[in-house]
Amino acid sequence: MSANPTRSAAFALLSAVLERRRGLEEALDALPGGLQPRDKAAAHRIAAAVLRRLGSIDAVLEPYLRREPSPPALQALRIGVAELLLLGTPPHAAVATAVALAPRPFAGLVNAVLRKVSTGGAAALEGLDAARLDTPPWLWSAWHAAYGPKVRAIAEAHTRPAPLDLSLVPGAEVPEGAEVLPNGTARLPPGTRITEIPGFAEGGFWAQDAAASLPARLLAVRPGEKVADLCAAPGGKTAQLIAAGAEVTAVEKEERRAVRLRENLARLKMSAEVAVADAIPWSAERRGSFGAVLLDAPCTATGTIRRHPEVPHLRRPRDVPKLAATQAALIEAAAGLVAPGGRLVVATCSLQPEEGEAHLSRLAALGLRPDPVRAEEVPGLEQAITPEGALRTRPDFWGERGGMDGFFVARFIRG
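This one's a predicted model, so the numbers in the text were calculated from it and none came from an experiment.

Some points on the sheet that holds strand β2 (residues 179-180)
Here's step 1: Spatial ordering of the open sheet is given by β2-β3-β1-β4, a layout of four strands whose pairing is antiparallel. Edge strands, defined here as strands with exactly one partner in the open sheet, are β2 and β4 (205-207).

Topic: helix α12 (residues 236-243)
Here's step 1: By the criterion of burial, α12 is predominantly enclosed, with seven of the eight residues buried.
Here's step 2: Taken together, the buried residues of α12 touch β4, α11 (214-219), β5 (226-230), β6 (247-252), α13 (255-267) and β8 (290-296).
Here's step 3: At the C-terminal side of α12, G245 shows a positive phi close to 100°.

Overview of the packing of helix α5 (residues 71-85) against helix α6 (residues 91-101)
Here's step 1: At a closest axis distance of 8 Å, the pairing of α5 and α6 adopts a crossing angle of 170°. One element, α5, and the other, α6, form an angle in the roughly antiparallel class. In this structure, α5 contributes A76, I79, G80, E83 and L84 to the contact, and α6 contributes P91, A94, V95, T97, A98 and L101.
Here's step 2: Looking at the contact of α5 with α6 residue by residue, the classes come out as eight nonpolar, two polar and one charged.

A short note on the side chain of R7
Here's step 1: Mapped onto the secondary structure, R7 falls in helix α1 (residues 5-20).
Here's step 2: When near neighbours in sequence (up to four residues on either side) are disregarded, R7 contacts I46, I79, E83, T89, T97 and L101.

Focus on the UniProt feature "domain: SAM-dependent MTase RsmB/NOP-type" (unreviewed entry) in the protein chain
Here's step 1: Mapped onto the present numbering, the UniProt feature "domain: SAM-dependent MTase RsmB/NOP-type" (unreviewed entry) falls on residues 139-415.
Here's step 2: The span residues 139-415 is 29% helical and 21% strand by assignment, and the distance between its end C-alpha atoms comes to 38 Å.

As for the packing of aromatic side chains
Here's step 1: With the rule as written, the count across this model stands at two aromatic pairs.
Here's step 2: Here the guanidinium or amino end of K226 rests over the ring plane of F290, the centre of that ring lying 5.5 Å away.
Here's step 3: Looking at R401, its charged tip hangs above the ring of W398, at a distance of 5.5 Å from the centre.

Here is what the cut-offs are and how they apply
- Residues numbered from 1 in each chain as written.
- Predicted model: local features only at pLDDT ≥ 70, side-chain atom pairs only at ≥ 80, totals over all residues.
- Heavy atoms only, no water.
- Pairing = 2+ DSSP bridges.
- Helix = DSSP H or I, 4+ residues; strand = E, 2+ residues; numbered from the N terminus.
- Buried < 20%, exposed > 50% of the residue type's maximum accessible area, 1.4 Å probe, protein only.
- Contact = heavy atoms within 4.5 Å.
- Axes fitted to C-alpha atoms, helices over the stretch in contact; angles between N-to-C directions.
- Parallel < 35°, antiparallel > 145°, perpendicular 65-115°, else oblique.
- Nonpolar A, V, L, I, M, F, W, Y, C, P; charged D, E, K, R; others polar.
- UniProt positions renumbered as here; feature names shortened; annotations may be inferred.
- Phe/Tyr/Trp six-rings, centres within 6.5 Å; stacked < 30°, edge-to-face > 60°.
- Lys NZ or Arg CZ within 6 Å of the ring centre and 35° of its normal.

Set out below in structure tokens:
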């Protein structure tokens, strides 16, 4: 049989991430234009399952392989194992479609191996330490140093698909079936397609993880206040600030990301001044111009692995200090924008302390004083407040509700 469109697309996504080191969203955008939305969504589900559980999948395959096959054959095997053991695909279909993906010289190998895996069934996963296998060793070591025994809960949270979190436009109805979290986020089950929810086209809400909604919330803008949102795309935090009544200037370095920001704001029927610029020189010309500044700095994004399972396979240890240096330069630029008496919130969606807690002393040296987060500002997340008064969320927080992204957030006042 020939490979079907969904599996072919999943194969292309995995090849892009694991062989060419592309992000999953970038790889999705590069799929053929004629692919149906449902096929694209199903392909993403398969590829994400493989990326999320790659270590465990390879451990299942190891006893049946005398040597590692070519990358195309290996991706076909990984897809087959994910469908057999994680996604509930009927065995005949899982094996047949994986065989169709494999290069012809490896078709027999893929067929034989997957039939053996199918016979073993779910027992093939039993006894595996998924948390360790599915986490690159350098990340496990870094998280263990930072969080101690909680590293296991963090890693286990990454093995599960994330729910769909929505931030609502003021006055919008909560979508049917959604759970409203203590921070006001509306949460729907994993796999929910946002474009099919009533109210999407009308701009009633946007996708935003519960933790990602906290930085703008903690900035506590006032109606009419001039606010700068640096590194603003895709625009979720910009939308929050606009909804709170702020006069927002959204700064985004990349034109393609700025286009997406404008599109998202247009769907929400919101407007902001969008500056396509490097935030560092842009800020140097506008020192002291804003009553409030939000910086969600570029980072390794290790706090978003639940939603972006390719992150552990793309990042390397050397990325952490490199990005921390970029963050330091952006923090200095952002601090210069804050008017006397104004506020600065700095955030990163990283679990690495070098990209969060390590910046606190730098912020204090820039003439800003800490403005500690108060428990009443983050209902249900009191345990996320650090001794220094910053906020550190983790994927295992609200685990019974589906977890949240890992974020570091700190707030400061000038003057």
